[in-house]
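Examining the three-dimensional arrangement
Residue strings, one per chain:
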Amino acid sequence: CKLNKDEQDKLKDNIRALVPKYLIEVINRDVKHFSVSRYKLCNDILVKFSLKFRSNYCQDMMSFEQGEYLQFNLYKQNIVYYNSLRKGIDGITESEMIREIFSSYGILPPFLREINLFREKIAFLISAQKEYRVLKIHTRTGIAEGRIKSIYRNEDTDYLMILLDEKSYYISQIEIIG
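Presented here is an overview of the structure given in this document. Because the structure is predicted, anything quoted here is derived from the model rather than measured.

1. Looking at empty space enclosed by the protein
Applying the stated criterion to the full structure yields 1 cavity of 30 Å³ or more. Each pocket or cavity is described by its volume, and for the largest cavity that value is around 40 Å³. Lining the largest cavity, in full, are Phe34, Val36, Lys40, Leu41, Asp44, Leu117 and Phe118. With 3 residues, helix α3 (residues 38-49) is the largest single contributor of residues to the lining of the largest cavity. Residues belonging to the lining of the largest cavity are distributed by class as follows: 5 nonpolar, no polar and 2 charged.

Okay, structure coming up:
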């Protein structure tokens, strides 16, 4: 998709929408837990949840919740995608679209949010577990190596974890080295 200079100048690269305070709390909690920037998380949510956004959950069910502004810049590679998404909406405003996209993320429990955000990593970990492969991962405390004994949902936090040999790690907080 090649755009001329006038079309490029009209592309929106900054998002700002009033959303229920609860969504801001969920995003802030996940930013901290996943150890990612708000910029990255918001862009990932936008792309991975935009196909599911016609929920209308936010407007009817969260009307009692105080609103706060969600604001973030788009990744350069998401600008054209977002602007084509914007053109495809009928009957709702851009802010309503953003609220619906982020509501479809925020209403899910943490482990389902992770499954959507880290689909490729989780698929790789499941495959490595089935093949009984030795993995090398980077964790918050350093490098760890071993075989995955289990992949599970932590019942206290509701986030996904792996048991690598005898030590547990949050899936969102590891990086696979080899």
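2. Examining the sheet that holds strand β4 (residues 142-153)
Read from one edge of the open sheet, 5 strands run β6-β5-β4-β3-β7, paired in antiparallel fashion. Bordering the open sheet on either side are β6 (167-170) and β7 (175-176), each of which pairs with just one other strand. The strands touched by helix α8 (residues 119-130) are β3 (134-139), β4, β5 (160-164) and β7; relative to β4, the strand with the most contacts, the crossing angle is about 90°.

3. Here's the deal with helix α7 (residues 110-117)
Each turn of an α-helix holds 3.6 residues, which means side chains three or four residues apart point in the same direction. Among the residues of α7, Pro110, Arg113, Glu114, Asn116 and Leu117 are the ones counted as buried. Axial view of α7: buried residues confined to an arc of 165°, hence all on one face. On its buried face, α7 sits against α2 (21-34), α3, α6 (94-106), α8 and β5.

Calculation criteria
Residues numbered from 1 in each chain as written. Predicted model: local features only at pLDDT ≥ 70, side-chain atom pairs only at ≥ 80, totals over all residues. Heavy atoms only, no water. 1 Å grid on protein atoms, 1.4 Å probe; cavity = no way out; pocket = protein on both sides within 12 Å on 5 of 7 lines; lining within 4 Å. Points joined across faces, edges and corners; volume = space filled by probe spheres on them. Helix = DSSP H or I, 4+ residues; strand = E, 2+ residues; numbered from the N terminus. Nonpolar A, V, L, I, M, F, W, Y, C, P; charged D, E, K, R; others polar. Pairing = 2+ DSSP bridges. Contact = heavy atoms within 4.5 Å. Axes fitted to C-alpha atoms, helices over the stretch in contact; angles between N-to-C directions. Buried < 20%, exposed > 50% of the residue type's maximum accessible area, 1.4 Å probe, protein only. Arc of directions from axis to C-beta.

Keep in mind that these numbers describe shape and distance, not what the molecule does.
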